[in-house]
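A closer look at the structure
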Number of protein chains: 2
Amino acid sequence: MKSEKISEAVVRRLPIYLRYLNELNKREVATVSSQELGQKLDLNPAQIRKDLAYFGDFGRKGIGYDVSYLIEKIRQILNLDQQINAVLVGAGNLGQALSNYNFYLKENMKIVAVFDANPSKIGTRINTLTVQAMDELKETIQSKNIRIGIITVPDFEAQNVADQLIAAGIEAILNFAPTILKAPASIRIHAADFTTDLLSLAYYLNNGKDDTEDDGQFEELQQPERQS
Amino acid sequence: MKSEKISEAVVRRLPIYLRYLNELNKREVATVSSQELGQKLDLNPAQIRKDLAYFGDFGRKGIGYDVSYLIEKIRQILNLDQQINAVLVGAGNLGQALSNYNFYLKENMKIVAVFDANPSKIGTRINTLTVQAMDELKETIQSKNIRIGIITVPDFEAQNVADQLIAAGIEAILNFAPTILKAPASIRIHAADFTTDLLSLAYYLNNGKDDTEDDGQFEELQQPERQS
DNA sequence: TAGATTGTTAATCGATTAACAATC
DNA sequence: TAGATTGTTAATCGATTAACAATC
């Protein structure tokens, strides 16, 4: 273990490791090598070993990593050994979709409140939660120990909502709105705007709009794949 | 203009430029400098100039970039000067949320068909589209000239759906399922899994679970912000 | 002991930023 | 002409990968 500052790229890979480790655990696989992880996750084994070594000596030479132990360790690193509460602001379609995903429930991350500015939404139910009015935001965040805010409002509302979340004491924000939020450096913000992903995909389309008329059979050979 | 290979990081910034340029255009701003773009988008001005210079000399020394012209150029680079059709597979909550977003409509990217494997979903309507059965996938993709697939099915179905999309001739995939898809290198795949974003946020929470009891007023000073 | 696999250092590769001549 | 800002080269910074001694 060294005490360098950990890069964002490293941190972003931890949940990916965790996800696959959980799968192995369910299948009762006891041990896994960086080689095997790399193959499944499309990552270089050396990179995986290096990532993990930033945080401790979790593996055993000649053996690999103990799956349960590594899960426990990565959870600790990610602060997911305690329950982390999140609030969702914006009870539109996307907000509803997110609150349905219980993905994070497995991982001690839980949406415990939903807010919306629209009076017609307030009081309606999303799963087990009742949509609340914005003027209850601060009090709820504090009383329910909510540390993460998820923004699923339209772009022109996003900065305003972010400001309110920050004023209420939130520590980190996942922003689904297609805007760059301004915030103090102490607040961690992740952009989860899929329009960027989708539009950038178009760049990689084969530019020959119709002129490369092959039968589509050629490229099907299995090859090293690229993913991001 | 040089003819190096363009890195993924560069391509991913193009839609972000485009988004803000569209906003400027709506406000009838005629010209913008890399300086100003950088400030709004939290990017280094030199990086913006360099990104754009990969594709051509779009700016004017001493003046900056013509907003309309730059929009046109970036659209061309991203293949968005033509309509790009996409198919959505998975008519669950997330799928419905996505099909509602008309973000991409502005940008010539359009979801023109929706599929689901669940018989109870087939035939129902999402906006203007009728959910179709999977056995019509290939024929629809070909007849409607669909080039991009969006996967919003549960993780255990994602690889199977990807295989079908690829067999039907799709060129690129936006994958919302929390799985690493395997595909030929010729198929471009972007992962849009927000669970990774959300869980990695937890890493940045202030680890002192309760022991740093400050009043939250301190960190509010405006500082350079960090976003990703 | 032989084979496997880690943790870590060194080498490579790539991306960001600074600096500045060119020029509007 | 003076001020502003590009496009581009060079410098810096950071991340990935290769290689290998240590060791299970």
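Scroll up for the structure.
Heads up: these notes are all about the structure in this document. Because the structure is predicted, anything quoted here is derived from the model rather than measured.

Attention now goes to the overall build of chain A. Across its full length, chain A carries eight helices and ten strands. Long-range pairs, those at least 24 residues apart, make up 58% of the contacts in chain A between residues at least 6 apart in sequence.

A word on the environment of glutamine 35 of chain B. With respect to the helices, strands and loops of the structure, glutamine 35 of chain B is situated in helix α2 (residues 34-41). Each C-alpha atom, one on glutamine 35 of chain B and one on proline 45 of chain B, is 5.1 Å from the other, the two residues being ten residues apart in sequence.

Right, let's get into the sheet that holds strand β2 (residues 59-60) of chain B. All names here are of chain B. In spatial order, the strands read β1-β3-β2; together these three strands make up an open sheet with antiparallel pairing. Each having just a single partner strand, β1 (31-32) and β2 make up the two edges of the open sheet. Across the sheet, helix α4 (residues 67-77) is in contact with β1 and β3 (64-66); its angle to β3 comes to roughly 75°.

Before going further, it helps to spend a moment on the protein's contact with DNA strand C. Taken together, 24 residues surround DNA strand C, and among them Ser34, Gly59 and Tyr65 of chain A together with Ser7 and Gln47 of chain B come closest. Sugar and phosphate atoms form 63% of the subset of DNA strand C atoms that lie within 4 Å of the protein. At 2.7 Å from a phosphate oxygen of DNA strand C is found a side-chain nitrogen or oxygen belonging to tyrosine 65 of chain A. In the model, a sugar or linking oxygen of DNA strand C is placed 2.9 Å from a nitrogen or oxygen of the glutamine 47 of chain B side chain. Mapped onto the surface near DNA strand C, the elements with two or more residues apiece are α3 (45-53), β2 (59-60) and β3 (64-66) of chain A together with α3 (45-53) of chain B. Among the elements that make up the surface near DNA strand C, the one with the highest residue count is α3 of chain B (four residues).

Residues spaced three or four apart along an α-helix face the same direction, because each turn holds 3.6 residues. The end-to-end C-alpha separation of helix α1 (residues 8-26) of chain A is 28 Å, in line with the 27 Å expected for 19 residues at 1.5 Å each. For α1 of chain A, the set of buried residues is Val10, Val11, Arg13, Leu14, Pro15, Ile16, Tyr17, Leu18, Tyr20, Leu21, Asn22 and Leu24 of chain A. Close packing links the buried residues of α1 of chain A with β1 (31-32), α2 (34-41), α3 and α4 (67-77) of chain A together with α8 (194-203) of chain B. Count one or two residues on from α1 of chain A and you reach glutamate 28 of chain A, which has phi positive near 60°.

With that out of the way, let us pick up the relation of the copies chain A and chain B. For the pair chain A and chain B, the superposition axis carries a translation of 0.0 Å, the fit reaches an RMSD of 0.0 Å, and the rotation angle comes to 180°. Taken together, these values place the two copies in the relation of a two-fold axis. Closest approach to the rotation axis among the C-alpha atoms of chain A is made by leucine 94 of chain A, whose C-alpha sits 3.2 Å away.

Cut-offs used in this document
Residues numbered from 1 in each chain as written. Chains lettered and ligands numbered in written order. Predicted model: local features only at pLDDT ≥ 70, side-chain atom pairs only at ≥ 80, totals over all residues. Heavy atoms only, no water. Helix = DSSP H or I, 4+ residues; strand = E, 2+ residues; numbered from the N terminus. Contact = heavy atoms within 4.5 Å. Pairing = 2+ DSSP bridges. Axes fitted to C-alpha atoms, helices over the stretch in contact; angles between N-to-C directions. Near = heavy atom within 4 Å. Polar contact = N/O pair within 3.5 Å; in protein donor to acceptor, adjacent residues only side chain to side chain. Expected span 1.5 Å × (residues − 1). Buried < 20%, exposed > 50% of the residue type's maximum accessible area, 1.4 Å probe, protein only. Least-squares fit on C-alpha atoms with pLDDT ≥ 70 in both.

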